[in-house]
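# Remarks on the overall topology
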Amino acid sequence: MMKYALWWVSMRISACLLLLTRVIKCATVNFMSQMMKLLGNAEAAGGSDTHLAEVLWQVMQELFGPLSMRALEDDRYVRQTEGYLPKANVAFVDEIFKANSAILNTLLTVLNERLFDNGTDREQVPLLCLVGASNELPESEELDALYDRFLIRRQVSQVSDAGLLAMLAAAADNSLAGTGLASHRSSGSEAAAQESIALTFEECQEIRQQALRHVSVPVEVRQLLADLRTHLREKIEPPVYVSDRRLVKAVGLMQVAAYTSGKDSVSLLDCMLLQHILWQQPDQQSRITDFLLSQISEDDGLQSASYILASIFSRACIVLTQKGENLASVLGEATALKESLVDKLISLKASQGVGRGSNMWISKQETDSVAGSLRPKLEKTRKAHEALLDEAITLQAVLENADSLGPLDIVDVLPKRWAEYLRGQDKPPR
């Protein structure tokens, strides 16, 4: 039986679903430990305490805290929430889809609004990360809303034979850690490194705000999102529904991913994160990945740029031979095309950097796989763009020096374009 884990990682940033086998459920607990280390010592940073709430069974008091007996004496229905989900920064909820409707409705409010209704009061919930585990994915419609709140969905297979020894060694180290026998394994430099990457709650919030404020989302990324949703709705059976909320949250996650990777714009390669966001069933992930790879490597702009260059060249020929067209207008178009091709080349070279730390949110295994699929295609596209850019730069230079060049000088510097121009002139009008 497969073990599913729903991983809702907020930082007011994202939410996540993990698909785990029961045998590696310990990986979820280890992840929770790492999250706590990442948040750091909040007291030392001057912040509030960082809490971890781990709930293995779905009853209200185990998740949201027991009822206050003193409050009941005063006819008030209030829960003692300290140490439970309403006060937690990090939480783990087991068998989340077996929760009753009261818990589900309360969780929706917590995940959507970071609010918990405690009696007549509404309390702010400082939740950064919620991991929920289940033995099956939801099938009833009443669970769709909660399922949709988990933004990132990851499928983790059982530990491979190659990784089994490493897992057993890690388990042995954890067992020895409590006895002090493994203390020699941890060096002072490791402890200092963990301290240096610790984040406070406020820093997590600031990262998201800065990302949304300063990271742009190019038109090509927005178009890819729209095309992907159409593809999932029309080309996959059964159709995959992607809510508007999910798309907006996905864009926010990619902005954070770009920002934390030192970029000021979301790239097409950042869109590879969508393979962990938009599927409803695990077998749909590979189809999303294939679509993303095809769109990233596809160069629908190259042919358009070539057509534009051919049109500008034709007008340049008229300017240089018949003086029948405005030189400044043609030169402006040639300059604009050159700048567009330069931007495209910069983007392509950045794309070829995948696998060399271009996105800290994508695992090394994934980046290696993407790199293996994309690099040959991207290299071919890059060379074609460089050749087109050389022609555009040459044409711009000819137009800038039109007064000192003869009418046929353009033939010497761009002979292939001239031959294409003549062939076009010989064609009978349609």
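Just so it is clear, the structure is predicted and the values come from calculations on it, not from any experiment.

## Overview of the overall build of the chain
Scanning the chain for helices and strands turns up 16 helices and 8 strands. Restricting to contacts in the chain with at least 6 residues of sequence separation, those with at least 24 account for 73%.

## Focus on helix H10 (residues 244-260)
Helix length check: H10 (17 residues) gives 25 Å between terminal C-alpha atoms against 24 Å at 1.5 Å per residue, within 8%. Among the residues of H10, Arg-246, Leu-247, Ala-250, Val-251, Gly-252, Leu-253, Met-254, Gln-255, Val-256, Ala-257 and Ala-258 are the ones counted as buried. Those residues of H10 that are buried are in contact with helix H5 (144-149), strand E8 (152-155), helix H8 (201-214) and helix H9 (219-234).

## Observations regarding the packing of H8 against H10
The geometry of H8 relative to H10 is characterised by a closest axis approach of 8 Å and an angle of 100° between their N-to-C directions. When the axes of H8 and H10 are compared, the pair comes out roughly perpendicular. Counted together, Ile-207, Arg-208, Gln-210, Ala-211 and Leu-212 of H8 and Gly-252, Gln-255, Val-256, Tyr-259 and Thr-260 of H10 form the full contact between these two elements. Its residues assigned to classes, the contact of H8 with H10 comprises 5 nonpolar, 4 polar and 1 charged.

## A closer look at helix H4 (residues 101-113)
The α-helix winds at 3.6 residues per turn, so residues separated by three or four positions along the chain end up facing the same way. The terminal C-alpha atoms of H4, which comprises 13 residues, lie 18 Å apart, in line with the 18 Å expected from a rise of 1.5 Å per residue. Capping the start of H4 is the job of one residue whose side-chain oxygen sits 3.2 Å from the backbone nitrogen of Ala-102: Asn-100.

## Things to note about the nonpolar core
Within the largest apolar cluster, 87 residues are counted, with the highest numbers of intra-cluster contacts made by Leu-107, Leu-130, Leu-146, Leu-274, Leu-278, Leu-395 and Ile-410. A total of 9 residues in this core trace back to one element, the largest contributor, which is helix H14 (residues 364-400). Those residues in contact with Leu-146 that sit more than four places away from it in its chain are Ile-96, Phe-97, Leu-104, Leu-107, Leu-108 and Leu-111. Grouped together as the second largest cluster of nonpolar side chains are 5 residues, Val-90, Phe-92, Cys-129 and Val-131 included.

## Quick word on the confidence of the model for the chain
Looking at the chain, the pLDDT average stands at 77 and 74% of residues meet or exceed 70. The model gives residues 10-27 a pLDDT under 50, and that stretch makes 85 contacts with residues more than four places away or in other chains. Of the regions scoring below 50 in pLDDT, residues 40-49 engages in 10 contacts with residues more than four places distant in sequence or in other chains.

## A short note on the pattern of salt bridges
Using the criterion set out here, one finds 11 salt bridges in the structure. The shortest N-O distance in the salt bridge between Lys-263 and Asp-270 comes to 2.9 Å. The buried category is assigned to Asp-270, whose relative accessible area is 0%. With a closest N to O distance of 3.1 Å, Arg-417 and Glu-391 form a salt bridge. One end of the pair, Arg-417, is in helix H16 (residues 415-426); the other, Glu-391, is in helix H14, with 26 residues separating them in the sequence. The residues Arg-417 and Glu-391 share a single accessibility class, namely buried. The network of salt bridges with common partners includes Glu-113, Asp-117 and Arg-122.

So, how was this worked out
Residues numbered from 1 in each chain as written. Predicted model: local features only at pLDDT ≥ 70, side-chain atom pairs only at ≥ 80, totals over all residues. Heavy atoms only, no water. Helix = DSSP H or I, 4+ residues; strand = E, 2+ residues; numbered from the N terminus. Contact = heavy atoms within 4.5 Å. Expected span 1.5 Å × (residues − 1). Buried < 20%, exposed > 50% of the residue type's maximum accessible area, 1.4 Å probe, protein only. Axes fitted to C-alpha atoms, helices over the stretch in contact; angles between N-to-C directions. Parallel < 35°, antiparallel > 145°, perpendicular 65-115°, else oblique. Nonpolar A, V, L, I, M, F, W, Y, C, P; charged D, E, K, R; others polar. Polar contact = N/O pair within 3.5 Å; in protein donor to acceptor, adjacent residues only side chain to side chain. Core = buried A, V, L, I, M, F, W, Y, C linked by side-chain atoms within 4.5 Å. pLDDT = per-residue confidence, 0-100. Salt bridge = Lys/Arg side-chain N within 4 Å of Asp/Glu carboxyl O.

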